[in-house]
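Spelled out from the first residue to the last, the chains are:
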Amino acid sequence: AGAPQAGVAYKWAIDQGNKGVTLYFNGEVASTYYGGTTENIEEAVDVILEATNGGYYVSFVKANGTKQYVNVVVSGTHRNFTMQNTASTVYTYNAEHNTLVTNVNGTDCYIGTYNTYTTFSVSTLDKISTSFPAYFVGTGGNGGNQGGTETPDNPVVPDVPVTPAGAPQAGVAYKWAIDQG
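Quick caveat, the model's predicted, so the values are computed rather than measured.

Caption draft 1: Representation of the overall build of the protein chain within the structure. Counting its secondary structure elements, the protein chain contains zero helices and 13 strands. Each helix and strand of the protein chain, placed in order from N terminus to C terminus, yields the pattern β-β-β-β-β-β-β-β-β-β-β-β-β. The buried share among the 181 residues of the protein chain stands at 44%. Partitioning the intrachain contacts of the protein chain with sequence separation of at least 6 by distance along the chain shows that 48% fall at a separation of at least 24. Carbon and sulfur atoms make up 49% of the accessible area of the protein chain, which totals about 10,000 Å².

Written out as structure tokens, the structure is:
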């Protein structure tokens, strides 16, 4: 699928292999240091990668219109998944594992889940082979077939670019345009 692009809306997903389901980030706190999920892609928030020096920030807009950033913070001996108003965590793309990684106090970490959990959490990269890393899915109308075989039931749909200031809001009228430049 290739590296995700800055300024493009994605759904953030995890294939929870021990439960046989795909989980999508819903933009909510599941517990103090875990991101909430849904099995319904329509209930997932759009996640935007914002280019910054050395990588990306990960942002999304909550249902109430508040822009949040996904950060990794240290609390005691734990590295925790948090949603905050200011970006502080720089992620880079790891092609080998098709996921974002960040370095926290000298240790590479990624967002995903493990065991039979159904939340987004932070784990160290040395545990990735026994867990389920998060990845990005295009937000095209059908969930974003991003280059698979095109069929009438599975059209190839491009990612939907949005402004870095935030994603379109429900209940707001927009005009659509195509720039074939």
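What follows continues from the structure just given.
Caption draft 2: View of the confidence of the model for the protein chain. Mean pLDDT over the protein chain: 82, with 76% of residues reaching 70 or higher. Mean pLDDT per element in the protein chain: strand β13 (residues 135–138) is the minimum at 92, and strand β12 (residues 132–133) is the maximum at 97. For residues 141–175, every residue scores under 50 in pLDDT, and the model assigns this stretch 49 contacts once sequence neighbours within four places are set aside.

Caption draft 3: Looking closely at the pattern of salt bridges. Applying the stated criterion across every chain yields a total of three salt bridges. Here Glu-28 and Lys-62 are joined by a salt bridge, their closest N and O atoms 3.8 Å apart. In this pair, Glu-28 sits in strand β2 (residues 21–31) while Lys-62 sits in the loop between β5 (55–61) and β6 (67–75), placing the two residues 34 residues apart along the sequence. A salt bridge links Glu-50 to Lys-67, with the nearest nitrogen and oxygen atoms 2.7 Å apart. Taken as a pair, Glu-50 in strand β4 (residues 47–52) and Lys-67 in strand β6 lie far apart in primary sequence, 17 residues in all. When its relative accessible area of 12% is taken as the criterion, Glu-50 is described as buried. The exposure class assigned to Lys-67 is partly exposed, which follows from its relative accessible area of 24%.

Caption draft 4: A look at the nonpolar core. Trp-12, Phe-25, Val-58, Val-70, Phe-81, Ile-111 and Phe-120 are the most contacted members of the largest nonpolar core, which has 25 residues in total. Every element with two or more residues in this core is listed here: β1 (9–16), β4, β5, β6, β7 (78–84), β9 (99–104) and β10 (107–113). Leave out the neighbours within four places in its chain, and Phe-25 touches Trp-12, Gly-35, Gly-36, Ala-44, Val-45, Val-47, Phe-60, Val-70, Phe-81, Met-83 and Phe-120. In terms of nonpolar packing, the next biggest core, distinct from the first, is built from six residues, Ala-13, Tyr-24, Ile-41 and Tyr-135 among them.

Caption draft 5: Layout of the environment of Ser-31. Along the chain, Ser-31 falls in strand β2. Taking C-alpha positions, Ser-31 is 8.8 Å from Thr-119, a pair spaced 88 residues apart along the chain.

Caption draft 6: Structural detail: the pairing of β6. Taken together, the three bridges between β5 and β6 define a ladder with antiparallel strand orientation. Residue pairing for β6: Val-61 is matched across the bridge by Lys-67. If you look at the hairpin formed by β5 and β6, you'll find five residues sitting between the two strands, and Gly-65 has a positive phi there, around 90°. Where β6 lies against β7, seven bridges are found, and the strand directions are antiparallel. Looking at the pairing, Val-74 lines up with Arg-79 of β7. Taking the residues between adjacent antiparallel strands as the criterion, β6 and β7 are bridged by two residues, where Gly-76 takes a positive phi near 65°.

Rules used in this analysis
- Each chain carries its own residue numbering, running from 1 in the direction its sequence is written.
- Predicted model: local features are reported for residues with pLDDT of at least 70 only, side-chain atom pairs are reported and counted for 80 or more only, and whole-chain, interface and lining totals are derived from all residues.
- Only hydrogens and water are removed before side-chain values are computed, so all heavy atoms of the structure are retained for them.
- Think of it this way: any DSSP run of H or I at least four residues long counts as a helix, any run of E at least two long counts as a strand, and we number them from the N terminus.
- Buried, partly exposed and exposed residues are distinguished by accessible area as a fraction of the type maximum, computed with a 1.4 Å probe on protein chains only: under 20%, between the cut-offs, and over 50%, respectively.
- Two residues qualify as a contact provided that any one of their heavy atoms is within 4.5 Å of a heavy atom in the partner residue.
- Per-residue accessibility takes into account occlusion by the displayed protein chains alone, with areas from the Shrake-Rupley method and a 1.4 Å probe.
- Across the chain, each position has a pLDDT score giving the predictor's confidence in that residue, from 0 to 100.
- One side-chain nitrogen of Lys or Arg within 4 Å of one carboxyl oxygen of Asp or Glu is enough to make a salt bridge.
- To define a nonpolar core, start from buried Ala, Val, Leu, Ile, Met, Phe, Trp, Tyr and Cys residues and group those joined through side-chain atoms within 4.5 Å.
- Between any two strands, pairing holds if DSSP finds at least two bridges.

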